[in-house]
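Single-letter residue listing:
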Amino acid sequence: MRRSLLFLSLALVLCVGLLMVGCGKKAETPAPGTQPQAEKLSGSIQIAGSTSVQPLSEELAKAFMAKHPDVKINVSGGGSGAGIKGVTEGTVDIGASSRELKPEEKGKVKEFVIAKDGIAVIVNPKNPVDNLTMDQIRDIYAGKITNWKEVGGKDAPITVVTREEGSGTRGAFTEIVMGKEKITDKAVVQNSTGAVRTAVASNENAIGYISLGALSPEVKALKVVDGVEATKDNVLKGTYKLSRPFLYLTKEEPKEVVKAYIDFVLSPEGQKIVEKEYIPVKPTK
Amino acid sequence: MLGRRIRERFYESLLFISALISVVAVFMIALFVFLEGYPIIQKEGLGNFLLGREWRPLAGIFGIFPMIVGSIVVTLGALVLGVPVSLATAVFLAEFAPKRANMILRPGIELLAGIPSVIYGLFGMTTVVPAIRFIETRYLAHKLPPQMQSGYSVLAAAIILAIMISPTIIAISEDALRAVPRHLKEASLALGATHWQTVVKVLIPTARSGILASIILGMGRAIGETMAVIMVVGNNVLIPTSIFSPCRTLTSNIAIEAAYAAEGPHMQALFATGIVLFVIIIILNLIALRVAGREVMSR
């Protein structure tokens, strides 16, 4: 008897605690009347999907919420697949995808291209090779070419570095480069962009692939297909083939807050935020 | 008087509830992992899942045999490298070390236990892996296939894990050595045995079960270690054929793919990997308890 009483009171304390936490959160939103804009936008938006798009969505949401304090935007991950599923099932307002929709997915949702991302194939700066064709990259990743001398480098084994299954970057790479070929089992697997970069930066014989936005001087990006450099301009022109779109998906024609948010993302202001890491699709001025 | 008793009861139940929380937590976690992972094992068949050689989660092929082998090989490697050195250290600390050496060594070893595993991983990735790669490409280039010349290898993981498990083995075996009854040691010395003979013929055999328990606990740590291993082992799904082979362990399989795995079979397969790991670790712990238990009883 006494024991159950104790249990009850403990549970009560917990509940009260939780309630207080809830209150604390509410108190954070500033009092009404402080927002700079005249039109009073309010409501909430759920965004879920590609983890590649997630950091960008978070930046965009932060900027949008700063302009409209009564709007609450929740950004979560889950992967492109989950984003597409979420929006078709109506569990989220906006689904994010970092791959083109498959034919059977098209038509069920409205698509907005909010940015483009390029994938850079990287090698160590000490590696003399700086130009590979798409076929050569595919053969290296399929395990058919295993020595750098076969593609004009020095006599050294190629250490192939790839991302784990399920990663959006790997998905995009597989789709664009590999086609029906499988990435070799012999490839070293690293589970983040940073880890791939470090693995390539610390190994003269390594080759890897990362998002164009994540390039840094410690690695060298290869020119792909007829010497086209991995740059934002070339992605937009469509000459650099290793690129993918970032999509926002909605179930129907967006309305109210969702419309305002997507308009913001495609506005020069939103595209400026895109430009920091990725490639904008609309003018930034 | 009554107030005192109630207060006493209150604290008693508070302690009881705290103790209960950890048990409930273990139970809930186990239940959750089993519920999430069991469907895929049922669908694929236990045999196919455990002995399948291919892991292509996006294509719906789930075989974790290479990772089971990977975990075992990496762990054995760590034991081969780590146990002799750790035991020697434990004997030294328990029997031979002068006070001052003890004062430096002991905190050092304790510190080793406190270093986060990602730091071990970073160290491994930037020093051990390149060192092994240097040996592979410079001296063994003609004997090894290209995928074994990257430095990422069973050997790299074993070296890092050997360092990581040494504090556990040292601390527990040292305790076991110190717990050997004084009269045994004195009898041996009185019979004219040297200090070294006494250590080898009397102390170590007497402390055997404690030492074994320490090794099994170290083994549990090695099998369960994730972060440091991911960073040095290469993570490709191939059955290792040499100490220079890269491979993937059960833990790294979960950690690498969990972040992006979509709900459904892929996630379930990762949970199922967790079940296998869980079972292995429970078995190891039971053996450790058994072995250590025997020691307690014999005392």
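Just so you know, these numbers come straight off a predicted model, no measurement behind them.

So, the overall build of chain B
Piece 1. Counting its regular elements, chain B contains 12 helices and 2 strands.
Piece 2. Starting at the N terminus and walking to the C terminus, you meet the elements of chain B as α-α-β-β-α-α-α-α-α-α-α-α-α-α.
Piece 3. Taken across its 299 residues, chain B has 41% of its residues classed as buried.
Piece 4. Expressed as a percentage of contacts within chain B between residues at least 6 apart in sequence, the contacts between residues at least 24 apart total 73%.

Examining the interface of chain A and chain B
Piece 1. Contacts between the two partners involve 26 residues from chain A and, on the opposite side, 28 residues from chain B.
Piece 2. Among the secondary structure elements, those contributing two or more residues to the side of chain A that touches chain B are α1 (2-28), α3 (80-89) and β7 (188-190) of chain A.
Piece 3. Examining the composition of the side of chain A that touches chain B, we find that 3 residues originate from one element, α1 of chain A, more than from any other.

A closer look at the environment of alanine 97 of chain B
Piece 1. As for its position among the elements, alanine 97 of chain B is in the loop between α3 (65-96) and α4 (99-114).
Piece 2. The sequence separation of alanine 97 of chain B and threonine 273 of chain B amounts to 176 residues, and the corresponding C-alpha distance is 44 Å.

Some thoughts on the environment of leucine 93 of chain B
All names here are of chain B.
Piece 1. In this structure, leucine 93 sits in helix α3.
Piece 2. Owing to 20 C-beta atoms within 10 Å, leucine 93 belongs among the buried residues under this scheme.
Piece 3. Considering only alpha carbons, one finds leucine 93 and leucine 177, 84 residues apart in sequence, at a separation of 9.7 Å.
Piece 4. When residues no more than four places from it in sequence are discounted, the contact partners of leucine 93 are Asn102, Leu105, Arg106 and Glu174.

Examining the confidence of the model for chain A
Residue and element names in this part refer to chain A.
Piece 1. Residues with a pLDDT of 70 or more make up 86% of chain A, whose mean pLDDT is 81.
Piece 2. When mean pLDDT is compared element by element in chain A, strand β6 (residues 159-163) scores highest at 93, while α1 scores lowest at 47.
Piece 3. Scored below 50 in pLDDT, residues 15-38 makes 8 contacts in the model with residues more than four places away or belonging to other chains.

Criteria and thresholds
Residues numbered from 1 in each chain as written. Chains lettered and ligands numbered in written order. Predicted model: local features only at pLDDT ≥ 70, side-chain atom pairs only at ≥ 80, totals over all residues. Helix = DSSP H or I, 4+ residues; strand = E, 2+ residues; numbered from the N terminus. Buried ≥ 20, exposed ≤ 12 C-beta atoms within 10 Å, placed from the backbone. Contact = placed C-beta atoms within 7 Å. pLDDT = per-residue confidence, 0-100.

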